[in-house]
Amino acid sequence: MSNDFIIKAENLHKLYSLNKQRTFKEFLPALFSGAETKYSFHALNGINFEIKKGESLAILGRNGSGKSTLLKIIAGVTKPSDGKITVNGKVFPLIELGAGFHPELTGKENVYLNGSILGIKEKEMDKLYNQIVSFAELEQFMHEPVKHYSSGMYMRLAFAVAVAKIPNILLVDEILAVGDLRFQKKCLSRIKEFQNQGTTLIIVSHSRKTIEDYCQKGLLINNGNQLYFGEVKKALEKYAQI
Ligand SMILES: Nc1ncnc2c1ncn2[C@@H]1O[C@H](COP(=O)(O)OP(=O)(O)OP(=O)(O)O)[C@@H](O)[C@H]1O
Ligand SMILES: [Mg+2]
């Protein structure tokens, strides 16, 4: 098997179990008989792609098509129901930003906590800390519990921790839309720096410009089905047609 890929997805499927919609008439008998009230829903239905070193991928598709589900599988947050994902490198997921933050802890405490989740030890964090705070521009707020932060401040701190070190593989799920315009620009230029130094990006974005600027490959998903994988320009064209 060739080993020059960074990420390889082979026939990925993801099934979610959902509650069936019932009328009240159906509800009571089901309650007593214990009849099945769930059904399976295919959030991903046979996804295949391969990303090589030096390439970046845009995942395209309408709302609910399975993009975030795929990112979560790549990040290892959730497992595929079927198929195989192989990742050569450490993944830094910029998804559900700040999910690891604890609202009662201060900004500073959360930086250390979040860092340790990302594999940054305390000694190393001591060295990175000032750089993180200055990137987030939250110097005056580091001793406040993060529950007092605005959502933009929260996101800036989480982003700053996640990009404190050059990541191998960076997953970005629409988060760039959260900060204000100036901060978005700053995030994008940081991401460009990483890319120039060899980071593989996997981006979910609805901005054509971001996709064209950052990605060579595109994966188009519709209702969990893969419609196209290949050159990003072609993927964007096909996306415009559905
Ligand atoms: N934990 C879950 N349990 C049940 N269904 C889920 C779960 N997570 C996602 N889904 C369903 O899977 C489908 C794909 O969701 P997903 O979040 O991957 O879409 P998306 O392409 O990221 O959409 P968006 O553009 O709105 O962010 C949706 O129909 C969603 O309702
Ligand atoms: Mg999503």
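1. Things to note about the nonpolar core
In terms of nonpolar packing, the biggest core is built from 57 residues, with Ala-58, Ile-59, Ala-160, Leu-171, Ile-202 and Ile-203 touching the most fellow members. Top contributing element to this core by residue count: helix H5 (residues 151-162), with 8 residues. Formed jointly, this core draws a minimum of three residues from each of two domains, domain 1 (1-90 + 167-242) and domain 2 (97-166). If near-sequence neighbours (up to four positions away) are discounted, Ile-202 is found in contact with Leu-57, Ile-59, Leu-71, Ile-74, Ile-169 and Leu-171.

2. Re the domain arrangement of the protein chain
According to the domain assignment, the protein chain consists of domain 1 (1-90 + 167-242) and domain 2 (97-166). The distance between the C-alpha centroids of domain 1 and domain 2 comes to 26 Å. Taken together, the contact between domain 1 and domain 2 spans 11 residues of the former and 9 residues of the latter. Across the side of domain 1 that touches domain 2, the residue classes tally to 6 nonpolar, 3 polar and 2 charged.

About the cut-offs
- Residues numbered from 1 in each chain as written.
- Chains lettered and ligands numbered in written order.
- Predicted model: local features only at pLDDT ≥ 70, side-chain atom pairs only at ≥ 80, totals over all residues.
- Core = buried A, V, L, I, M, F, W, Y, C linked by C-beta atoms within 7 Å.
- Buried ≥ 20, exposed ≤ 12 C-beta atoms within 10 Å, placed from the backbone.
- Helix = DSSP H or I, 4+ residues; strand = E, 2+ residues; numbered from the N terminus.
- Domains from an automatic or database assignment.
- Contact = placed C-beta atoms within 7 Å.
- Nonpolar A, V, L, I, M, F, W, Y, C, P; charged D, E, K, R; others polar.

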